[in-house]
Amino acid sequence: MDYNYGHNDSNKVYVNGKPVPMTAEQQQAFSDQTFINDVMIRAFLYMFIAVLLTAVVAIYTAASGLYQVVFANPALLIVIIIAEFAFVIAGNRQAAKNSKVGSAVCLFGYSIVNGLTFSTIFLAYNLQFITFVFLVTSLMFGITAVIGAVTKKSLASLGSYLMMGLIGLILVMVVNIFVKSSGLDLLLSVFGVLLFVGLTAYDTQKIKAMAAMNTGYEMSVLGLWGALSLYLDFINLFLYLLRIFGSRD
């Protein structure tokens, strides 16, 4: 059915072109739910575009030989890594400023820069294997995101535990760089998958909650802010699944 507001009377809601009587409370609830749905759609759409940009840049960098320039120059590689962190931090700040342009630049800029470092994936694995892992990631991500969006149980209490788990994961991964334990690496990868599955559900619900609060932020800004979180969840989930399946290849 086609829901929309009237052209001349903003207090009426039309279904299939016919006015439907609604109380003020119903009109507000309808408007709020429409806003939430639009924010969620935009968040996943922007995330998809960002992932696509990363894939295109990664494939081009690997196929053109540009990766040799990137990874043969330590200074350039450091600049790229710093740029990745800067885009994420700036993206959250631009969203807080309600800047649509700034949020878009940070999200898509981050996805493009990220594609440069992701080029090594296409050098280490064949396209068929990468596609398989990508499809598995998409399935897990999609199911988890739906759970986060529809569940009535608040996941807010999990946020602090997930952040603690993320910090712990990073610290142990740094230690394992020196220990070089393949068993620990596999264990960390499994933990990473579980962690980012949890973060996907948590972030999806958080985006929905922010949209429901409707505190004056533009719809596109909330969508871009949410897309950045979802992009990070998807990319990390993909990387850890790649490590798990790759270790068995």
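Residues numbered from 1 in each chain as written. Predicted model: local features only at pLDDT ≥ 70, side-chain atom pairs only at ≥ 80, totals over all residues. Heavy atoms only, no water.

## Overview of the pattern of salt bridges
We apply this condition: The salt bridge criterion pairs a side-chain nitrogen of Lys or Arg with a carboxyl oxygen of Asp or Glu, the two atoms within 4 Å. Here a strand is any run of E in DSSP of at least two residues, a helix any run of H or I of at least four, and the numbering for each starts at the N terminus. The cut-offs for exposure are 20% and 50% of the maximum accessible area for each residue type, with area from a 1.4 Å probe on protein chains only; residues under the lower value are buried, those over the upper are exposed, and the others partly exposed.
A full pass over the atoms with the stated rule returns three salt bridges. A salt bridge links Arg 243 to Asp 185, with the shortest nitrogen-to-oxygen separation between them at 2.2 Å. Remark: Asp 185 occurs in helix 7 (residues 182-213) and Arg 243 occurs in helix 8 (residues 219-248); sequence separation between them is 58 residues. Since its relative accessible area comes to 31%, Arg 243 is described here as partly exposed. Owing to a relative accessible area of 26%, Asp 185 belongs among the partly exposed residues under this scheme.

## Brief notes about the side chain of Ser 119
Defined as follows: Two residues form a contact once any of their heavy atoms are found within 4.5 Å.
Within the secondary structure, Ser 119 sits in helix 4 (residues 100-124). The contacts of Ser 119, once residues within four sequence positions are left out, are Ala 58, Thr 61, Ala 62, Tyr 67 and Phe 71.

## What to know about unusual backbone geometry
A positive phi angle, close to 60°, is found at Asn 98, a residue other than glycine. In this fold, Asn 98 is placed in the loop between helix 3 (74-96) and helix 4. Phi is positive for Lys 180, close to 60°, though the residue is something other than glycine. Note on placement: Lys 180 falls in the loop between helix 6 (158-179) and helix 7.

## Remarks on the environment of Lys 152
Mapped onto the elements of the fold, Lys 152 is located in the loop between helix 5 (127-150) and helix 6. Separated by 53 residues in sequence, Lys 152 and Gln 205 have C-alpha atoms that sit 9.6 Å apart.

## Here we look at helix 7
This is how the line gets drawn: Here a helix's expected span is defined as the number of its residues, less one, multiplied by 1.5 Å.
Spanning 32 residues, helix 7 covers 46 Å between terminal C-alpha atoms, matching the ideal 46 Å at 1.5 Å per step. Backbone geometry just downstream of helix 7 places Asn 214 in the positive-phi region, at approximately 45°.

## Points about helix 5
Under the 1.5 Å per step criterion, the end-to-end length of helix 5 is 34 Å for 24 residues, consistent within 8% with the ideal 34 Å. For helix 5, every residue scored as buried is listed here: Phe 129, Ile 130, Val 133, Thr 137, Phe 141, Thr 144, Ala 145, Gly 148 and Ala 149.

## Some points on the confidence of the model for the chain
Our working rule: Values of pLDDT, ranging from 0 to 100, describe the predictor's confidence in every residue of the model.
Per-residue confidence for the chain gives a mean pLDDT of 85, with 86% of residues at or over 70. Strand 1 (residues 3-5) is the least confidently modelled element of the chain, averaging 37 in pLDDT, while helix 5 averages 94, the highest of any element. Of the regions scoring below 50 in pLDDT, residues 1-11 engages in 21 contacts with residues more than four places distant in sequence or in other chains.

## Considering a nonpolar patch on the surface
Note the following rule: Patches here: salt-bridge-free residues with over 30% relative accessible area, like charges joined within 9 Å, nonpolar side chains (Val, Leu, Ile, Met, Phe, Trp, Tyr) joined within 5 Å. For every accessible area listed, the method is Shrake-Rupley and the probe measures 1.4 Å; residues are considered covered only by the protein chains on display.
A contiguous nonpolar surface patch, about 460 Å² in accessible area, is contributed by Leu 45, Phe 48, Ile 49, Leu 52 and Val 56. With respect to the helices and strands, the residue Phe 48 is situated in helix 1 (residues 24-64).

## Thoughts on the packing of helix 3 against helix 4
Rules: Helix axes are fitted to C-alpha atoms over the stretch in contact, other axes to C-alpha atoms as well, and angles between N-to-C directions run from 0 to 180 degrees. Roughly parallel here means an angle under 35 degrees, roughly antiparallel means over 145, roughly perpendicular means 65 to 115, and every remaining angle is called oblique. By definition, turning the near helix anticlockwise from the far helix through less than a right angle yields a left-handed crossing, and turning it clockwise yields a right-handed one.
For the pair helix 3 and helix 4, the least separation of the axes is 8 Å and the interaxial angle reads 155°. Here helix 3 lies roughly antiparallel to helix 4, going by the angle between them. The two elements helix 3 and helix 4 meet at a crossing, and its hand is left-handed. When helix 3 is examined against helix 4, the residues Leu 77, Ile 80, Ala 83, Glu 84, Phe 87, Val 88, Ala 90, Gly 91, Gln 94 and Ala 95 are found in contact with a partner set consisting of Gly 102, Ser 103, Val 105, Cys 106, Gly 109, Tyr 110, Val 113, Asn 114, Leu 116 and Thr 117.

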